[in-house]
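Notes for the structure review
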Amino acid sequence: MSIRAHFAPIREIPKAEQGRHVLASVTFTTTASLTLTEHGSPDLAIPMADGPAQEFREVWTVPGRPRWAIRDDLAYAHDGQYLFIAGLLPEQDVYTPPVRKLYEKAFALVNHLGYAHIFRMWNFVGDIVGANAEGMEVYQDFVQGRAQAFETYKGRGTAHMPAATGIGTRDRGIAFSLLASHQDVPRHVENLKQTPAYHYPKEYGPKPPSFARATILGDALYVSGTASILGHATVHQGDVESQTRVVLDNIAHLVSRENLTAQGIDDGHELKDLRLIKVYVRHASDIPAVRAACEEACGTGVEVKYLNVAVCRDDLLVEIEGIVP
Ligand code: 3EB
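Described below are features of the structure shown in this document. (Residues numbered from 1 in each chain as written. Predicted model: local features only at pLDDT ≥ 70, side-chain atom pairs only at ≥ 80, totals over all residues.)

So, about the overall build of the chain. In terms of regular secondary structure, the chain is built from 5 helices and 19 strands. Taking the principal axes of its C-alpha atoms as reference, the chain extends roughly 45 × 45 × 45 Å. Burial status across the chain gives 47% buried among its 325 residues. Counting only contacts in the chain whose residues sit at least 6 apart along the sequence, the fraction spanning at least 24 positions is 74%. (Helix = DSSP H or I, 4+ residues; strand = E, 2+ residues; numbered from the N terminus. Buried ≥ 20, exposed ≤ 12 C-beta atoms within 10 Å, placed from the backbone. Contact = placed C-beta atoms within 7 Å.)

Laid out in structure tokens, this is it:
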């Protein structure tokens, strides 16, 4: 009995199975908003769908009855064991200071409400490979603000950085959601084939990204957004099929017994164990090829959502995330 997610159509009010409650939801749609639904739970809407056929909602449910609130640019929900926070930042000339401020506000709320462990974050960055008003790449501008906020959250260490997704949207401005636990202690996991993101060299930007490759909480393993990166370098530039295979290989290795036992975790999984898979594809015309590769690797019995958005490096054509429940 812990936190779970499912995909649902956006036309229905988020609902939970018998004996469970809706904590919050994230709607992949055409415009951004942060609201409470008519039943009271927070909903973060992100402009990531190119039309009605791509729209869906990710609904998070919990065993306890949640309390919900929204104020200014943050909304949150918590049931005593799990906390969801979402934030929305409109377009800015420069993102570092306002991102730092918004993320610090979220971390202060995490601490104030008594949820010690952030275990998953999603960062939705509009115009992600575009330039800010000073010519800096929007993603690097965002990463710097987030890194400054993380430095104030439990000190400068990397041990508390959770699994995350950093991904483009179809608009401007930045949004995020995070999940934290009160009692369950997460284990953050790296992929021995990839440089830890928080150790990326300075050639990519003034601050490295603040996230782990995966986080284990309870029985579930949360796989971060994963791209065609080996070490810290993009591989197979311009070749979407090869990039997709590297992404799937990266995830397969990340969740494998070999990678987990090397980090002291007595467990092991396969790609076919993944659920709640989201595939972010840079070019719409690449979706059929990416879909074919994903179906071959993950099987056709699992629902996979495809979204047409930019990834955080100009040369990355695909990013994939999922959860092993
Ligand atoms: C990468 O591995 C690809 O900045 O939060 C993946 C997951 C990526 C999370 C983030 C970025 C982020 O560097 C991009």
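From this point, things continue past the structure.
As defined by bridge partners, strand β6 (residues 67–71) adjoins strand β7 (residues 74–78) across 5 bridges and the pair is classed as antiparallel. Bridge pairing links Ile-70 to Ala-75 in β7. In this antiparallel pair of consecutive strands, β6 and β7, the connection spans 2 residues, and Asp-72 shows a positive phi of 55 degrees. (Pairing = 2+ DSSP bridges.)

As a further point, take the environment of Pro-196. Position of Pro-196 among the secondary structure elements: in the loop between β12 (187–189) and β13 (214–217). Between the C-alpha atom of Pro-196 and that of Ala-212, which follows or precedes it by 16 residues, the distance is 7.0 Å.

This brings us to the pairing of strand β17 (residues 275–281). Of all 7 residues in β17, 6 are buried, a share of seventy percent or more. Bridge count between β17 and strand β19 (residues 318–324): 5 bridges; the pairing is antiparallel. Each residue of the ladder has a partner; that of Val-281, found in β19, is Val-318. Pairing of β17 with strand β18 (residues 304–308) involves 5 bridges; the strand directions are parallel. Bridged to Val-281 within β18 is Asn-308. Each parallel crossover has a hand, and the one from β17 via helix α5 (residues 287–298) to β18 is right-handed. (Right-handed = clockwise from strand over helix to strand, strands pointing away.)

Let us look at the site of the ligand. If you check the shell around the ligand, you find Asn-123, Ala-164, Thr-165, Gly-166, Ala-197, Pro-209, Phe-211, Ser-224, Gly-225, Ala-227, Ile-229 and Cys-312 and nothing else. Where the shell around the ligand is concerned, the elements lending two or more residues are β10 (163–168) and β14 (220–226). No other element matches β10, which puts 3 residues into the shell around the ligand. (Near = placed C-beta within 6 Å.)

In spatial order, the strands read β1-β5-β2-β4-β3; together these 5 strands make up an open sheet with mixed pairing. The sheet is open, and its two borders are formed by β1 (4–8) and β3 (33–36), each paired with just one other strand. Across this sheet, the average inter-strand angle for adjacent strands is 20 degrees, counted without regard to direction. Bridging between β3 and strand β4 (residues 42–47) involves 4 bridges; their strand directions are antiparallel. Counterpart to Thr-35 in the pairing with β4 is Asp-43. (Axes fitted to C-alpha atoms, helices over the stretch in contact; angles between N-to-C directions.)

Glancing now at helix α2 (residues 138–151). An ideal rise of 1.5 Å per residue puts 20 Å on 14 residues; α2 measures up with 20 Å between its terminal C-alpha atoms. Burial analysis of α2 places 12 of its 14 residues in the buried class, which makes it a mostly covered element. Buried within α2 we find Val-138, Tyr-139, Gln-140, Asp-141, Phe-142, Val-143, Gln-144, Gly-145, Arg-146, Ala-147, Ala-149 and Phe-150. Contacts made by the buried residues of α2 are with α1 (96–113), β9 (117–125), β10 and β11 (174–181). (Expected span 1.5 Å × (residues − 1).)

Of note, Asp-72 is a non-glycine position whose phi angle comes to about 55 degrees, a positive value. Relative to the helices and strands, Asp-72 resides in the loop between β6 and β7. On the basis of neighbour counts, which here come to 10 C-beta atoms within 10 Å, the residue Asp-72 falls in the exposed class.

In this section: the sheet that holds β10. A sheet is described by the order of its strands in space; here 6 strands give the open sequence β6-β7-β8-β11-β9-β10, paired in mixed fashion. Here the strands that pair on one side only, and so sit at the sheet edges, are β6 and β10. On average, adjacent strands in this sheet sit at an angle of 10 degrees to one another, irrespective of strand direction. Inspection of the sheet shows β7 paired to strand β8 (residues 82–89) by 5 bridges, in the antiparallel sense. Its bridge partner lying in β8, His-78 is registered against Leu-83. Along the sheet face, α1 touches β7, β8, β9 and β11 and points at about 160 degrees away from the line of β8. Packing against the sheet, α2 makes contact with β9, β10 and β11, and its axis sits at approximately 155 degrees to β9.

Below, the discussion takes up the packing of α1 against α2. Their axes nearest at 7 Å, the elements α1 and α2 cross at an angle of 40 degrees. With respect to α2, the axis of α1 lies oblique. Judged by the twist between their axes, the crossing of α1 over α2 is right-handed. On α2, the residues touching Thr-96, Pro-97, Val-99, Arg-100, Tyr-103, Glu-104 and Phe-107 of α1 are Asp-141, Phe-142, Gln-144, Gly-145, Arg-146, Gln-148 and Ala-149. Here the residues of the contact of α1 with α2 are counted per class, giving 6 nonpolar, 4 polar and 4 charged. (Parallel < 35°, antiparallel > 145°, perpendicular 65-115°, else oblique. Left-handed = near helix turned anticlockwise from the far one by under 90°. Nonpolar A, V, L, I, M, F, W, Y, C, P; charged D, E, K, R; others polar.)

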